[in-house]
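Examining the three-dimensional arrangement
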Amino acid sequence: MAEIHQTEEEIKRHEAELDHFKMKQFDLTGKVAIVTGGNTGLGQGYAVAMAEAGADIFIPTFGTAEWDNTRRLIEKRGHKVEFMQVNLTEPGIADKVVAEAVDKMGHIDILVNNAGMIRRNPLLESKDKDWDQVIAINLSAVYHMSLAVSKVFAKQKSGKIINIGSMLSFQGGKYIPSYTASKHGVAGLTKAFASEMGAYNVQVNAIAPGYIKTENTAPIRADKARDQEILDRIPAGHWAEPYELMGVSVFLASDAANYINGAIIPVDGGYLTR
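Every chain's residues receive numbers from 1 upward, in the order its sequence appears when written. At least 70 in pLDDT is required for a residue's local features to be given in this predicted model, at least 80 for side-chain atom pairs to be given and counted, and no such filter applies to totals for whole chains, interfaces and linings, which use all residues. Values shown for side chains rest on all heavy atoms present in the structure; no hydrogens or waters enter the calculation.

As recorded in an unreviewed UniProt entry, the protein goes by the name 2-dehydro-3-deoxy-D-gluconate 5-dehydrogenase KduD, listed as coming from Lacticaseibacillus casei.

So, in structure tokens, the structure goes:
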């Protein structure tokens, strides 16, 4: 096989490309991130991770639990955090959240649609109320928040939207039809927004967490048979710790991900390969 030799022009172009790539591409200094439901659980992890990377944080949240602790974690990293107690399922609320964020923080660069809920029941025992509540917060609120922030991002010709999907963005699951439908919907919304907002230099992607040790998954982990069934499908051989999702959230929020758009990225220890 003949050897391939780069021309001097190709070498110089390659050097220029490498010079352009700096670790500072992952730096969020000067950025402002809205993290819905960012006061507890994985949402708190995303918020603190982005603060660690340099961002100031605005947190719309239904309850006030962990506000003080979240504030301490973010301010400890030298960054500003503001909270807004709000029901994200109320009509017209998304525009108010975005306006409040701009007023308090000065601008917005990143939206993380993290707020969500889950209801577990066998399909034949499903309740209409559970369906309506889950779809309202997991899907409709994601649409309204994404649309509201997209109007800002379109004007400034930049922005990142990070949606939180699930393994149930790909699979049917058990006992959670409303959650499954909502997370399939999140994947579709991610692609739809990416398709149109790319023209405004706005990237829209989703993280699909695998099986993570959280309060939501505690009932599954307590079911020994179900727990083992899940572990048998994870090549990594263990449930993830929450911190194992944080790197990808910072990456998608950063300039290093400027050419990633419409992706649903599994962080699952290889679960989907089996």
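The rest of the description comes next.
Scanning the protein for helices and strands turns up 9 helices and 7 strands. Structurally, the protein occupies a C-alpha span of about 70 × 55 × 35 Å along its principal axes. Within the protein, the proportion of its 274 residues that are buried is 46%. Total accessible area on the protein is roughly 14,200 Å²; 53% of this is exposed by carbon and sulfur atoms. On the protein, the mean spot of the 29 positive side-chain charges and the mean spot of the 33 negative ones are 4 Å from each other. Secondary structure elements are taken from DSSP: a helix is a run of H or I of four residues or more, a strand is a run of E of two residues or more, and numbering for both begins at the N terminus. Residue burial is assigned from relative accessible area. The probe radius is 1.4 Å, only protein chains are included, and a residue is buried under 20% of its type maximum, exposed over 50%, and partly exposed in between. Using the Shrake-Rupley algorithm and a 1.4 Å probe, accessible areas are obtained, with residue cover drawn only from the displayed protein chains. His is not counted, nor are the chain ends; Lys and Arg add positive charge and Asp and Glu add negative charge. Charged groups are reduced to one reference atom each: NZ for lysine, CZ for arginine, CG for aspartic acid, CD for glutamic acid.

Counting 35 residues, the largest nonpolar core has Leu88, Val97 and Met145 as the members making the most contacts within it. The set of elements that each furnish at least two residues to this core consists of strand S1 (32-35), helix H4 (93-105), helix H5 (128-156), helix H6 (177-197) and strand S6 (202-209). Take this core: its biggest share by element is 11 residues, from H5. Should any heavy atoms of two residues lie within 4.5 Å, those residues are considered in contact. Aside from chain neighbours lying at most four places away, what touches Leu88 is Thr36, Pro60, Ile93, Val97, Ala115, Ile137, Ala141 and Met145. Among the buried residues, those of types Ala, Val, Leu, Ile, Met, Phe, Trp, Tyr and Cys that are joined through side-chain atoms within 4.5 Å form a nonpolar core. Counting residues in hydrophobic clusters, the runner-up holds 33 residues, among them Leu28, Leu42, Val48 and Ala253.

Okay, empty space enclosed by the protein next. Space inside and on the surface of the protein is sampled on a 1 Å grid over the protein atoms alone, with a cavity defined as a set of points where a 1.4 Å probe fits but cannot get out and a pocket as an open set with protein on both sides within 12 Å along at least 5 of 7 lines; lining residues have an atom within 4 Å of a point. Grid points are joined across faces, edges and corners, and a volume is the space filled by probe spheres set on the points. Throughout the structure, instances matching the rule amount to 1 cavity of 30 Å³ or more. Counted as a void, the largest cavity has a volume near 40 Å³. Lining the largest cavity are Thr36, Leu88, Asn113, Asn114, Ala115, Ile137, Ala141, Val142 and Met145. The leading source of residues in the lining of the largest cavity is H5, at 4 residues.

Okay, helix H2 (residues 41-52) next. Expected span of a helix: the number of residues minus one, times 1.5 Å. Taking 1.5 Å of rise per residue, 12 residues should cover 16 Å, and H2 covers 17 Å from first to last C-alpha, within 8% of that figure. With respect to burial, H2 is a largely interior element, 9 of its 12 residues being buried. Among the residues of H2, Leu42, Gly43, Gln44, Tyr46, Ala47, Val48, Ala49, Met50 and Ala51 are the ones counted as buried. One or two residues past the end of H2 sits Gly54, with phi positive at roughly 120 degrees.

A word on the layout of surface pockets. What the second largest pocket holds in volume is close to 150 Å³. Along the walls of the second largest pocket sit Leu88, Thr89, Glu90, Pro91, Gly92, Ile93, Ala94, Asp95, His144, Leu147, Ala148 and Lys151, which together make up its complete lining.

Below, the discussion takes up the sheet that holds S1. Adjacent strands of a sheet form backbone hydrogen bonds with each other and so pair up, either parallel or antiparallel. For two strands to be treated as a pair, DSSP must find at least two bridges joining them. One open sheet holds the 7 strands; their spatial order is S3-S2-S1-S4-S5-S6-S7, and the pairing between them is parallel. If you trace the sheet from one side to the other, it starts and ends with strand S3 (81-85) and strand S7 (264-267), each paired once. Each neighbouring strand pair of the sheet contributes to a mean axis angle of 20 degrees, computed without reference to strand direction. Sheet topology places S1 next to strand S4 (residues 110-113); 3 bridges connect them, and they run parallel. Helix axes use the C-alpha atoms of the stretch in contact, all axes being lines fitted to C-alpha atoms, and the angles between their N-to-C directions lie in the range 0 to 180 degrees.

This part is about the pattern of salt bridges. For salt bridges, the criterion is a side-chain nitrogen of Lys or Arg within 4 Å of an Asp or Glu carboxyl oxygen. Under the definition given, this model contains 7 salt bridges. With a closest N to O distance of 3.7 Å, Glu75 and Arg71 form a salt bridge. In this pair, Glu75 and Arg71 both sit in helix H3 (residues 67-75), 4 residues apart, roughly one turn of the helix. Relative accessible area serves as the criterion here: at 43%, Glu75 is assigned to the partly exposed category. On the basis of relative accessibility, which here comes to 30%, the residue Arg71 falls in the partly exposed class. Measuring nitrogen to oxygen at the nearest pair gives 3.0 Å for the salt bridge that ties Glu100 to Lys104. Here the residue Glu100 and the residue Lys104 both occupy positions in helix H4, the gap between them amounting to 4 residues, near one helical turn.

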